Amino acid sequence: MTQATLAELMIVAASECWRGDGEVLASGIGIVPRLGASLAKLTHTPELLMTDSETFLVSEPIPLGPRGDYQPRYEGYMSFDRVFECVWGGLRHAMIGPTQIDRWGQTNLSVVGGSYDKPKTAILGVRGLPGNSINHANSLFVPNHGPRVFVAGEVDMVSGVGYKPERWLPGMKQDYVDLRRIVTDLCVMDFGGPDHAIRVRSLHPGVSFEQVQAATGFPVLAAPDLHETPLPTDEQLAIIARLDPHRLRATVIKNDPPAIKAAA
Amino acid sequence: MALNKQRSAAEVVAQLRSGMTIGIGGWGPRRKPMTLVRELLRSDIRDLTVVSYGGPEVGMLCAAGKVRKLVYGFVTMDAIPLEPYFRKAREAGQIEVMELDEGMFEWGLRAAGMRMSFLPTRVGLATDVLARNPQIKTITSPYDDGEVYVAMPALKLDAALLHVNDADRWGNTLITAHDPLFDNLFARAADACYVSCERLHDKLELDAATARFNLFERYLVRGVVHAPGGAHPTYNSPDYGWDMDHLKRYNASATEEGGWARYVADYVDVSEAQYQEKAGGLARITQLKPPVF
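Residues numbered from 1 in each chain as written. Chains lettered and ligands numbered in written order. Predicted model: local features only at pLDDT ≥ 70, side-chain atom pairs only at ≥ 80, totals over all residues. Heavy atoms only, no water.

Points about the overall build of chain B
Phase 1 of the analysis: Each helix and strand in chain B was counted, giving twelve helices and eleven strands.
Phase 2 of the analysis: Its C-alpha atoms give chain B principal-axis dimensions of about 60 × 55 × 40 Å.
Phase 3 of the analysis: Considering chain B as a whole, with its 293 residues, one finds that 60% of them fall into the buried category.
Phase 4 of the analysis: The contacts in chain B between residues at least 6 apart in sequence include a share of 75% that link residues at least 24 apart.
Phase 5 of the analysis: Charge-centre separation for chain B: the mean point of 34 positive side chains lies 2 Å from the mean point of 37 negative side chains. (Helix = DSSP H or I, 4+ residues; strand = E, 2+ residues; numbered from the N terminus. Buried < 20%, exposed > 50% of the residue type's maximum accessible area, 1.4 Å probe, protein only. Contact = heavy atoms within 4.5 Å. Lys, Arg positive; Asp, Glu negative; His and termini not counted. Charge placed at Lys NZ, Arg CZ, Asp CG, Glu CD.)

Quick notes on the overall build of chain A
Phase 1 of the analysis: Helix and strand content of chain A: six helices and 14 strands.
Phase 2 of the analysis: Against the 2.2 N^0.38 benchmark of 18 Å for 264 residues, chain A shows a C-alpha radius of gyration of 18 Å, consistent with a compact globule.
Phase 3 of the analysis: Taken along the three principal axes of its C-alpha coordinates, chain A extends 50 × 50 × 35 Å.
Phase 4 of the analysis: Counting contacts in chain A only where the partners sit at least 6 residues apart, residues at least 24 apart contribute 64% of the total.
Phase 5 of the analysis: Surface summary for chain A: the accessible area is close to 11,100 Å², and the carbon and sulfur share equals 54%. (Rg over C-alpha atoms; globule rule 2.2 N^0.38 Å. Areas by Shrake-Rupley, 256 points an atom, 1.4 Å probe, with all protein chains shown as cover.)

With respect to the environment of Phe105(B)
Phase 1 of the analysis: On the secondary structure map, Phe105(B) appears in helix 5 (residues 102-113).
Phase 2 of the analysis: Ignoring any residue separated from it by four or fewer positions in sequence, one finds Phe105(B) in contact with Val51(B), Ser52(B), Tyr53(B), Val71(B), Tyr72(B), Gly73(B), Leu100(B), Leu155(B) and Phe186(B).

Concerning the sheet that holds strand 2 (residues 50-51) of chain A
Phase 1 of the analysis: Spatially, 2-3-4 (chain A) is the arrangement adopted by the three strands of the open sheet, whose pairing is antiparallel. Every other strand in the sheet has two partners, leaving strand 2 and strand 4 (74-77) of chain A as the edge strands with one partner each. (Pairing = 2+ DSSP bridges.)

Remarks on the interface of chain B and chain A
Phase 1 of the analysis: At the interface, 45 residues of chain B touch 50 residues of chain A.
Phase 2 of the analysis: Of the roughly 4,000 Å² buried between chain B and chain A, counting both surfaces, carbon and sulfur atoms make up 57%.
Phase 3 of the analysis: Its largest share of buried area at the contact with chain A, chain B owes to Arg122(B), Ala126(B) and Phe293(B), together 16% of the area lost on that side.
Phase 4 of the analysis: The tally of links between chain B and chain A comes to three salt bridges.
Phase 5 of the analysis: Our count for the contact surface shared by chain B and chain A stands at 20 residue pairs in polar contact (both at pLDDT 80 or more). (Buried area = accessible area lost by both parts, 1.4 Å probe. Salt bridge = Lys/Arg side-chain N within 4 Å of Asp/Glu carboxyl O. Polar contact = N/O pair within 3.5 Å; in protein donor to acceptor, adjacent residues only side chain to side chain.)

As for the packing of aromatic side chains
Phase 1 of the analysis: Counted by the stated rule, this structure contains 26 aromatic pairs over all chains.
Phase 2 of the analysis: Their ring planes at 50 degrees and their centres at 6.3 Å tell us that Phe84(A) and Trp27(B) sit as a pair that is tilted. With Phe84(A) in helix 3 (residues 80-89) and Trp27(B) in the loop between strand 1 (21-24) and helix 2 (34-42), this residue pair bridges two chains.
Phase 3 of the analysis: In textbook terms, an aromatic cluster arises when at least three aromatic residues are bridged by ring pairs, as seen for Phe80(A), Phe84(A), Trp88(A), Trp27(B), Tyr53(B), Phe74(B), Phe105(B), Trp107(B), Phe182(B) and Phe186(B).
Phase 4 of the analysis: When the ring centre of Trp104(A) is taken as origin, the NZ or CZ atom of Arg103(A), which lies over that ring, is 5.5 Å away.
Phase 5 of the analysis: Above the ring of Phe74(B), the side-chain terminus of Arg127(A) is found at 3.9 Å from the ring centroid. (Phe/Tyr/Trp six-rings, centres within 6.5 Å; stacked < 30°, edge-to-face > 60°. Lys NZ or Arg CZ within 6 Å of the ring centre and 35° of its normal.)

Here we look at the confidence of the model for chain B
Note: predicted coordinates in regions of low pLDDT should not be interpreted at a detailed level.
Phase 1 of the analysis: Across chain B, the average pLDDT comes to 97, with 100% of residues at 70 or higher.
Phase 2 of the analysis: As a predicted assembly, this complex carries a pTM of 0.97 together with an ipTM value of 0.96. (pLDDT = per-residue confidence, 0-100.)

So, the side chain of Lys32(B)
All names here are of chain B.
Phase 1 of the analysis: Structurally, the position occupied by Lys32 is in the loop between strand 1 and helix 2.
Phase 2 of the analysis: The class for Lys32 is buried, based on a relative accessible area of 0%.
Phase 3 of the analysis: Engagement of the side chain of Lys32 in a polar contact is seen with the side chain of Ser52, the distance being 3.0 Å.

Digging into unusual backbone geometry
Phase 1 of the analysis: For the bond from His232(B) to Pro233(B), the omega torsion is 10 degrees, close enough to zero to count as cis.
Phase 2 of the analysis: The phi dihedral of Arg127(A) falls on the positive side, at around 50 degrees, and the residue is not glycine.
Phase 3 of the analysis: Looking at the element boundaries, Arg127(A) is found in the loop between strand 9 (119-122) and helix 4 (129-135).
Phase 4 of the analysis: Its identity is not glycine, yet Leu181(B) carries a phi of approximately 60 degrees, on the positive side.

Some thoughts on helix 2 (residues 31-42) of chain A
All names here are of chain A.
Phase 1 of the analysis: Taking 1.5 Å per residue as the helical rise, helix 2 with its twelve residues ought to reach 16 Å, and the 16 Å between its terminal C-alpha atoms agrees with that figure.
Phase 2 of the analysis: Buried residues dominate helix 2, accounting for ten of its twelve residues.
Phase 3 of the analysis: Residues Val32, Pro33, Arg34, Leu35, Gly36, Ala37, Ser38, Leu39, Ala40 and Lys41 constitute the buried set of helix 2. (Expected span 1.5 Å × (residues − 1).)

Notes on helix 2 of chain B
Each α-helix winds once per 3.6 residues, and so residues spaced three or four apart point in a common direction.
Phase 1 of the analysis: Most of helix 2 of chain B is tucked away, with eight of its nine residues classed as buried.
Phase 2 of the analysis: By the burial criterion, the buried members of helix 2 of chain B are Met34(B), Thr35(B), Leu36(B), Val37(B), Arg38(B), Glu39(B), Leu40(B) and Leu41(B).

A short note on the environment of Pro63(A)
Phase 1 of the analysis: Residue placement: Pro63(A) occurs in the loop between strand 3 (56-58) and strand 4.
Phase 2 of the analysis: For Pro63(A), a relative accessible area of 10% corresponds to the buried category.
Phase 3 of the analysis: Sequence separation of Pro63(A) and Gln236(A) is 173 residues, and the distance between their C-alpha atoms is 15 Å.
Phase 4 of the analysis: For Pro63(A), the residues in contact, after removing those within four places along its chain, are Arg34(A), Tyr70(A), Arg242(A), Leu243(A), Pro245(A) and Phe293(B).

Some thoughts on the nonpolar core
Phase 1 of the analysis: The biggest cluster of nonpolar side chains holds 131 residues, and the ones touching the most others in it are Ile182(A), Leu70(B), Leu100(B), Phe105(B), Leu155(B) and Phe186(B).
Phase 2 of the analysis: Filtering out sequence-adjacent residues up to four positions away, Leu100(B) remains in contact with Val126(A), Arg127(A), Val71(B), Tyr72(B), Gly73(B), Phe105(B), Val129(B), Ile136(B), Met152(B) and Leu155(B).
Phase 3 of the analysis: Ala13(A), Ala26(A), Leu48(A) and Leu237(A) belong to the second-largest nonpolar core, a separate cluster that totals 30 residues. (Core = buried A, V, L, I, M, F, W, Y, C linked by side-chain atoms within 4.5 Å.)

Remarks on the sheet that holds strand 7 (residues 148-153) of chain B
All names here are of chain B.
Phase 1 of the analysis: One open sheet accounts for three strands, arranged 5-7-6; its pairing is antiparallel. Bordering the open sheet on either side are strand 5 (118-121) and strand 6 (137-140), each of which pairs with just one other strand. Going across the sheet, the axis of each strand differs from the next one's by a mean of 40 degrees, ignoring polarity.
Phase 2 of the analysis: Pairing of strand 6 with strand 7, which is carried by four bridges, proceeds in the antiparallel orientation. Note on strand 7: the bridge partner recorded for Lys137 is Ala151. (Axes fitted to C-alpha atoms, helices over the stretch in contact; angles between N-to-C directions.)

Written as structure tokens, this is what we have:
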């Protein structure tokens, strides 16, 4: 019987987002996305480029947090300036956790509620979302799947672009928009439905499709091959433990629940 | 006759005026010219348009009521993601904003440095950045592709404030940080660029390898301020790390009654020497460990 936690299952699901990407910069922002990208590089997609989450390209993913005697293995350089050049050239697949996501895949990291001039909550700003979303592959991470994240209408401040036709005027090039997957604490989704509609690909153990639908502010589809999200293997768990020696992954989901939900 | 651009922080701030557009170098909690910002906080200058990859300096300038308009892509302290005084000002509708993608921001600085009115980019299309900034227009490619781009307007600066690792009295500078960020573009976009530095030299005499850390020309630099520890409490790679204890105290002050007034009394309405003493002394500042990511 596996001892895996839900966070570990999500790390493995996140890692799958980069499978087969080849030589692109894998940018996992936050604990689970970063561990997912690291796991991808160490297992199925070793060609991925990755940074030390600061300025240098590393040939081996570095562990999270204080790392004792561990010496990063640098293979190159990736200042913010270079990251922008990479973004605009399109050879990147990022995974970030936006505050809001809508049915068109548009994302928000700026302000929520109230008016734009006097918002209820100011967050960070649009950051790099407009540039990332219109230039390269992106996946999304949601540790708290609910209708406050997956909103009924449009997100409050469209920061990252999506597939809403009315937003794309004649002459605007949509060809590089490439939304891949959304990994949440309930399921894994993609944009494979008609007109890029969001579908559930896999449900985490013990989660029902109805539960996902109830926690989502818009209708979702079930992928034809809807299945259960795979549990981490022992090999994957060992790699995750090595990459995250301080167990920062235990802080991602409240109370760090197990991957297999206890029977209600 | 040898050039001598050395100035005090007060002399630099005396060159600034209310209503100016001021660019601040660095990125979030990294390499912010905090000695110069503190001097600005002490002044009666106001109604500024601040252009920044924002960190705590934006929150402080907002809290002090110095900001009329903010041009930004984000304001954050990284390890403390939400900048408390920026949030307050933003949520109170106290500041006008021009919110941009990080790359559009870079493009605006580049355009200004190249003396262009705009540079084209795909970034910003199909987002609310355009909806919320109706002054930003699109442009159609004159070539066969006919593609529609954002015409990112130049972000012209009256002055730029930067913090560098080394400088000399001529205005030569070295940024030896692992990431030079976009300080070179701020220098080019500004009518007048002022730098503070950890180490001031009479005249830099460099070997070829070190000379590569000189990222913009001295003709861009109007004044040089010797300010060891001058990025505190932000991260000044490779010299010292950020002061998380200080940033936490600053962050906590925003939720305390009279918190900003107390922060000002403790850390702004004092001399820079007193500031550093309260921060544990220059020896402590310069030994702050770089963050591990």
